[in-house]
Amino acid sequence: MNVGSPEARGDGWWTVAVWPGHLSSLAAALNPGLEFVILEDHAAVGWDWRSVRVPVNESETGFVEDVAVRFVRMDLLMTPDQFRRHALKLQSGSDGGALIWQLSRKPPVNFRLSDKEGDARAAAIRGLDIRLIIDLPHDGEVAVISAAAEVEARAVVTRLAAGT
């Protein structure tokens, strides 16, 4: 794995490029001191039919019998430890790509970072105090890790070098 040097973006944030990007190795970049990790739009099931148990609606307390589903996408809320434990399995999603962000408090249930652009995205990041963002288009491509401060970007590089 190749890890670039932290570079200032001009808006106070810092970026680090990592290649080739794999969730199993990028998991080490997560800040263990930030409790919440959000993995948006994870492709748990690709374009093939699979038999799984799924709730039929929000108020469903149990699961229906096995049904055939395809292309199941979901947002996951995890701790850094949970993400590290499951990173290899998450990597095997349909394309292995991910948008991961990390913060110290539980985000609102109706918020998705990927739904925000430009000034609205910047305001949301500040308002929720999002400290780390990992953007990996597809497994094996360049991952861009954005950190809210230089010290955090340098800590990402240190954690990646240590693999922890």
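The structure reproduced in this document is the subject of the present report. Predicted, not measured: the structure shown is a model, and the values here were computed from it.

In terms of nonpolar packing, the biggest core is built from 26 residues, with Phe 83, Ile 100 and Ile 145 touching the most fellow members. Mapped by element, the contributors of at least two residues to this core are strand E3 (14-19), helix H1 (23-26), strand E4 (36-45), helix H2 (80-91), strand E8 (98-103), strand E9 (130-136), strand E10 (143-147) and helix H4 (150-162). Counting 14 residues, the second largest nonpolar core, distinct from the first, contains Trp 13, Leu 128, Ile 130 and Ile 133.

On to the environment of Val 52. Among the secondary structure elements, Val 52 is positioned in strand E5 (residues 50-52). With 104 residues separating them in the primary sequence, Val 52 and Val 156 have C-alpha atoms 37 Å apart. If sequence neighbours within four positions are ignored, Val 52 has contacts with Glu 65, Asp 66, Val 67 and Val 69.

Our focus in this paragraph is helix H3 (residues 118-128). Think of an α-helix as 3.6 residues a turn; residues three or four steps apart then line up on the same face. Residues of H3 that are buried: Ala 124, Ile 125 and Leu 128. Each buried residue of H3 sits inside an arc of 100° when the element is viewed along its axis, so together they form one side. Summarising the geometry of H3, the exposed residues directed more than 90 degrees from the buried face are Asp 119 and Arg 126. Tucked into the core, H3 has its buried residues touching E8 and E9. Asp 129 occupies a position one or two residues after H3 and carries a positive phi of about 60°.

Glancing now at a nonpolar patch on the surface. Taken together, Trp 19, Val 142 and Val 144 make up a surface patch of nonpolar side chains, about 240 Å² in accessible area. Mapping Val 144 onto the fold places it in strand E10. Under the relative-accessibility criterion, Val 144 is labelled partly exposed at 37%.

Rules used throughout
Residues numbered from 1 in each chain as written. Predicted model: local features only at pLDDT ≥ 70, side-chain atom pairs only at ≥ 80, totals over all residues. Heavy atoms only, no water. Core = buried A, V, L, I, M, F, W, Y, C linked by side-chain atoms within 4.5 Å. Buried < 20%, exposed > 50% of the residue type's maximum accessible area, 1.4 Å probe, protein only. Helix = DSSP H or I, 4+ residues; strand = E, 2+ residues; numbered from the N terminus. Contact = heavy atoms within 4.5 Å. Arc of directions from axis to C-beta. Patch = residues over 30% accessible without salt bridge, like charges linked within 9 Å, V, L, I, M, F, W, Y side chains within 5 Å. Areas by Shrake-Rupley, 256 points an atom, 1.4 Å probe, with all protein chains shown as cover. Salt bridge = Lys/Arg side-chain N within 4 Å of Asp/Glu carboxyl O.

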